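# Geometric and topological summary
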Amino acid sequence: MRMLVTGKQMKAIDAYTIHTIGVPSLVLMERAALKVAQAAERLWKKGDTIWAVCGTGNNGADGVAAARMLHLKGYPVRVFLVGNPDKGTEEFRTQLTIAGNVGLSSLPWQEGEKEECGLLIDAVFGVGLSRPVEGEYRQCIKMLGAKSIRSTVAVDVPSGIHGDTGTVMGIALRADLTVTFGWEKTGTALYPGREYAGRVEVADIGFPGQALDAVKEAEGTAAGDFAVTYGDDDLKRIPRRPAYSNKGTFGKVLIVAGSRNMCGAAYLSALSAYRTGAGLVKLLTVEENRQILQERLPEAIVATYTPDQLMEGRDEFRKMIEAQMEWADVVVLGPGLGNGPYVEYLVEDILTSAFVPVIIDADGLNAIAGHPYLTSYYTENIIVTPHLGEMARLTGESVDQIKENLAATALEYAGRYGLTCVLKDAATVTAGRDGNLYINSSGNSAMAKAGSGDVLTGIIAGLIAIGMDEEEAACLGVYLHGRAGDAAASKSGAHSLLASELADAVGSVMTMV
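Quick notes on the rules
The numbering scheme is per chain: residues are counted from 1 as the chain's sequence reads. With the structure being a predicted model, the display of local features is reserved for residues of pLDDT at least 70 and the display and counting of side-chain atom pairs for 80 or more, all residues being used for whole-chain, interface and lining totals. Hydrogens and waters are ignored; side-chain quantities use all the structure's heavy atoms. If DSSP finds at least two bridges between two strands, the strands pair. Only DSSP runs of H or I with at least four residues qualify as helices, and only runs of E with at least two residues qualify as strands; both kinds are numbered from the N terminus onward. Axis lines are fitted through C-alpha atoms, for helices just across the contact stretch, and the angle between N-to-C directions can take any value from 0 to 180 degrees. We call two residues in contact when some of their heavy atoms are within 4.5 Å. What a helix is expected to span follows from its residue count: subtract one and scale by 1.5 Å. Relative accessibility decides the category of a residue: with a 1.4 Å probe and only protein chains considered, values under 20% of the type maximum give buried, values over 50% give exposed, and everything between is partly exposed. The reported arc concerns the directions from the helix axis to the C-beta atoms and nothing else. Any Lys or Arg side-chain nitrogen located within 4 Å of an Asp or Glu carboxyl oxygen qualifies as a salt bridge. UniProt positions are given in the numbering used here, feature names are shortened, and annotations may be inferred rather than shown by experiment. For every domain, the bounds stem from an assignment made automatically or drawn from a database. Once two parts are brought into contact, the accessible area they lose, counted with a 1.4 Å probe and summed over both, makes up the buried area. A 3.5 Å cut-off defines polar contacts: any pair of N or O atoms within that distance qualifies, except that in protein one atom must be a possible hydrogen donor and the other a possible acceptor, and neighbouring residues in sequence count only when both atoms are side-chain atoms. Polar here means any residue other than Ala, Val, Leu, Ile, Met, Phe, Trp, Tyr, Cys and Pro, which are nonpolar, and Asp, Glu, Lys and Arg, which are charged; Gly is therefore polar.

### Some points on the sheet that holds strand E3 (residues 77–81)
Spatial strand order, E4-E3-E2-E5-E6-E7-E9: 7 strands in an open sheet with parallel pairing. Two strands close off the open sheet at either side, each with one partner strand: strand E4 (106–108) and strand E9 (199–203). When strand polarity is set aside, the average angle formed by the axes of neighbouring strands in this sheet is 25 degrees. In terms of strand pairing, strand E2 (residues 50–54) meets E3 through 5 bridges, oriented parallel. If you follow Val53 over to E3, its bridge partner there is Phe80. Here helix H2 (residues 25–43) sits on the sheet in contact with strand E5 (119–123), strand E6 (151–155), strand E7 (177–181) and E9, set at roughly 160 degrees to E7.

### Some details on the sheet that holds strand E17 (residues 420–423)
Pairing in this open sheet of 12 strands is mixed, and the strands run E8-E1-E10-E19-E18-E17-E16-E15-E14-E11-E12-E13 from one edge to the other. Looking along the sheet, the strands with just one partner apiece sit at the ends: strand E8 (184–185) and strand E13 (301–305). For strand E18 (residues 429–431) and strand E19 (residues 437–439), the ladder comprises 3 bridges, and the chain directions are antiparallel. Counted as the bridge partner of Val429 is Ile439 from E19. Here helix H8 (residues 264–276) sits on the sheet in contact with strand E11 (252–256) and strand E12 (280–286), set at roughly 170 degrees to E12.

### A word on helix H19 (residues 499–510)
In this model H19 runs 17 Å from its N-terminal to its C-terminal C-alpha over 12 residues, within 8% of the 16 Å that 1.5 Å per residue would give. Those residues of H19 that sit buried are Ala499, Leu502, Ala503, Ala505, Val506, Val509 and Met510. Buried residues of H19 fall within an arc of 160 degrees about the axis and therefore sit on the same side. Looking at the buried residues of H19, the elements they touch are H8, helix H17 (452–465) and helix H18 (470–492).

### Let's talk about helix H3 (residues 58–72)
The terminal C-alpha atoms of H3, which comprises 15 residues, lie 21 Å apart, in line with the 21 Å expected from a rise of 1.5 Å per residue. Counting buried positions along H3 yields 12 of 15 residues, so the element is predominantly enclosed. Directly beyond the C-terminal end of H3, a positive phi value near 95 degrees is found at Gly74.

### Examining the pattern of salt bridges
One pass over the full model with this rule turns up 21 salt bridges. The partner of Arg2 in a salt bridge is Glu184, with the nearest N and O atoms 3.4 Å apart. With Arg2 in strand E1 (residues 2–5) and Glu184 in strand E8, the pair connects residues that are 182 residues apart, well separated along the chain. Given the relative accessible area of 39%, Arg2 is considered partly exposed. Residue Glu184 is classed as buried on the basis of its relative accessible area, which comes to 9%.

### Topic: the UniProt feature "domain: YjeF N-terminal" (unreviewed entry) in the chain
In the numbering used here, UniProt assigns the feature "domain: YjeF N-terminal" (unreviewed entry) to residues 10–213. Each end of residues 10–213 is marked by a C-alpha atom, and these two atoms are 12 Å apart; helix forms 39% of the span and strand 17%.

### So, the domain arrangement of the chain
Here the chain is partitioned into domain 1 (21–207) and domain 2 (230–510). Its C-alpha centre places domain 1 at a distance of 43 Å from the equivalent point of domain 2. Each side of the interface is counted separately: domain 1 has 7 residues, and domain 2 has 10 residues. Interface area, domain 1 with domain 2, both sides summed: about 640 Å², of which 62% is carbon and sulfur. It is Leu190, Tyr191 and Arg194 that lose the most area in domain 1 upon contact with domain 2, and together they represent 64% of the buried surface on that side. Put simply, domain 1 and domain 2 have 0 salt bridges between them. Taken together, the links from domain 1 to domain 2 amount to 3 residue pairs in polar contact (both at pLDDT 80 or more). Of the residues belonging to the side of domain 1 that touches domain 2, the class tally is 3 nonpolar, 3 polar and 1 charged.

Quick look at the structure:
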């Protein structure tokens, strides 16, 4: 597990380290600059002129210091400044003076418009950027973006990227490598910031763990406010299978899914639950799907109903649902249900009868969006897994509004209803009811295919079935889903991956445990 921090959190850690612990700001800055200079050395090629384009804040000061270190080693370095240096921070002015004392002068950025740059150190903005880039800063970034620069190293975050949300603040520079300090920033874990950052290298520059602990414990700042992301070591969280066991040991998954001519979603969710380790999987679907599902997945139990049964025999249908709920240890509700009038009542019957975790996806969520009273049946063991469009329907916000702050949207919804929210995007975020936030780091664009979300619901259900709690299963399920996508794409290619191949790859990833 790796921690991610926002710009505000990082500034608090920085301030505690300097003012309470007593580590001088310039000491931290010199160590940060050294890491940037070392990264630049690795990327430098003979013939490259190195530019350090620096704003007048402490991010710019890091850039000036890194340029000075490279200059002293004999590299061809130019320092270009954006903004009024006389209004720079104290550290920035100090670094300019030191650079000048060793023969490295600086020039206004306009002086470089007609020159060539092979390697760029981007130190215009850091994590403090909170408003759109305008004026000469925008002009400078536009000029740099138009140049044929072979490699770019960003200092802490790419200039123009919001350090918390990953949003492009009007204009931004793309980096090949981002050297960030202490902990990775949430803005480079979320898109589009993740794409602009390139490869992210987290540099240890001496922030003590005591500073992090102090910020966590500060009044009004809960540990849950810090986001995390997973790596392959976290796959060890998956419960091991005891030798003395039977199929009932590993849980029973009920998947309420599929409608006429839409049985694929039910199949994919069921297959994925089995691949993740569930002992028994039952499909509750319309009668038309019985034969094909029994043929495609003979391991699954199939129970069926007709829409007329549901609409015309409400009491009898509710009793049937209650019996299914008593059987299940976890329920998947929604994949491929369609939008028929009976779906509202099916969703209501499931939610009112369930005393086990319920994962609501796809058409289950659409039914809730269309009939908001259904949210009154939400409980703490609910997991919702909307994509951006479904979240827009649930919240009334536009997709663009949600994309501007994915994490905040998921946290608000999870907190409002006291559930777990898996908000699916290129970098999926999972928010817990207590404010915990997970940002996914696995997966790839090959997974952007029909059925991928159905596989995810099955994986989460399978993890709950074998013993994980809802929130942890949601977070690890998202990571496992992405790792399966990485494994499957390496075989099928970026364009050809099928959701069924994604489900089949789950087992190979779980063998890494």
